[in-house]
Amino acid sequence: QVQLVESGGGLVQAGGSLRLSCAASGSIASINTMGWYRQAPGKQRELVGVITSGGSTNYADSVKGRFTVSRDNAKNTVYLQMNSLKPEDTAVYYCNALIRNLRSSYVNYYWGPGTQVTVSS
């Protein structure tokens, strides 16, 4: 069994900052890409930013220069530092990871349950 658990969401004023964390646990052999997606009410889930095991990153245009994805491979944890937050960043943020299961050797994408980020104007 593999689990992802996010933390760090909340309410913040426009222009403020938040840091999200996501820890993977369970039957993990290795983790490739880790990242963050978000879903606002009435909209489809969209990519925010991802990071490979080697540290390469990719971001949505809407967050470039404001958000930073990083990871601690020793802790199986990925972070999302969000600065200069805007009301349009309000969404449920989901952690995602491509994980090889230690027991089955299967590689699958896993999702966390999500954490709410609300940015007030």
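Just above sits the structure.
Below is a summary of the structure that appears in this document. It should be emphasised that the depicted structure is a prediction, and the values quoted were computed from it without experimental measurement.

### Notes on the packing of aromatic side chains
- All told, the structure shown has 1 aromatic pair when counted by the stated rule.
- The cationic tip of arginine 45 hangs over the ring face of tyrosine 94; the distance from NZ or CZ to the ring centre is 3.7 Å.
- Directly above the ring of tryptophan 111 sits arginine 45, whose terminal nitrogen or CZ lies 4.6 Å from the centroid.

### Some points on the sheet that holds strand β8 (residues 77-82)
- Spatially, the 4 strands line up as an open sheet ordered β1-β3-β8-β7, and their pairing is antiparallel. The sheet terminates laterally at β1 (2-7) and β7 (67-72), the two strands that pair on one side only. The average undirected angle you get between the axes of adjacent strands in this sheet is 15 degrees.
- Here strand β3 (residues 18-26) pairs with β8 via 6 bridges, running antiparallel.

### A word on unusual backbone geometry
- Positive phi, close to 50 degrees, is recorded for serine 84, a residue that is not glycine.
- Locating serine 84 in the fold gives a position in the loop between β8 and β9 (91-101).
- The exposure class of serine 84 is partly exposed, given its relative accessible area of 40%.
- Phi is positive for serine 105, close to 70 degrees, though the residue is something other than glycine.
- Relative to the assigned elements, serine 105 resides in the loop between β9 and β10 (107-111).

### Quick look at the pairing of β1
- Of the two faces of β1, only the one carrying Val2, Leu4 and Glu6 is buried; Gln3, Val5 and Ser7 on the other face are not.
- Here 6 bridges tie β1 to β3, and the two strands are oriented antiparallel to one another. Note that in β3 the partner of valine 2 across the bridge is glycine 26.

### Here we look at the side chain of arginine 38
- Along the chain, arginine 38 turns up in strand β4 (residues 28-39).
- Among the polar contacts listed, one links the side chain of arginine 38 to the side chain of serine 62, at a separation of 3.4 Å.
- Looking at arginine 38, its side chain comes within polar contact range of the side chain of tyrosine 93, at 3.0 Å.
- Every residue in contact with arginine 38, bar those within four places of it in the chain, is listed here: Gln44, Arg45, Glu46, Val48, Ser62, Val63, Phe67, Glu88, Asp89, Ala91, Val92 and Tyr93.

### Structural notes on the state of the cysteines
- For the structure on display, the rule yields 1 disulfide.
- Between the sulfur atoms of cysteine 22 and its disulfide partner cysteine 95 the distance amounts to 2.0 Å. Handedness here is read from the sign of the S-S torsion; for cysteine 22 and cysteine 95, about -80 degrees, the answer is left-handed. Placement of the pair is cysteine 22 in strand β3 and cysteine 95 in strand β9, with a sequence separation of 73 residues. Each member of the pair cysteine 22 and cysteine 95 is classed as buried.

About the cut-offs
Residues numbered from 1 in each chain as written. Predicted model: local features only at pLDDT ≥ 70, side-chain atom pairs only at ≥ 80, totals over all residues. Heavy atoms only, no water. Phe/Tyr/Trp six-rings, centres within 6.5 Å; stacked < 30°, edge-to-face > 60°. Lys NZ or Arg CZ within 6 Å of the ring centre and 35° of its normal. Pairing = 2+ DSSP bridges. Helix = DSSP H or I, 4+ residues; strand = E, 2+ residues; numbered from the N terminus. Axes fitted to C-alpha atoms, helices over the stretch in contact; angles between N-to-C directions. Buried < 20%, exposed > 50% of the residue type's maximum accessible area, 1.4 Å probe, protein only. Polar contact = N/O pair within 3.5 Å; in protein donor to acceptor, adjacent residues only side chain to side chain. Contact = heavy atoms within 4.5 Å. Disulfide = S-S within 2.5 Å.

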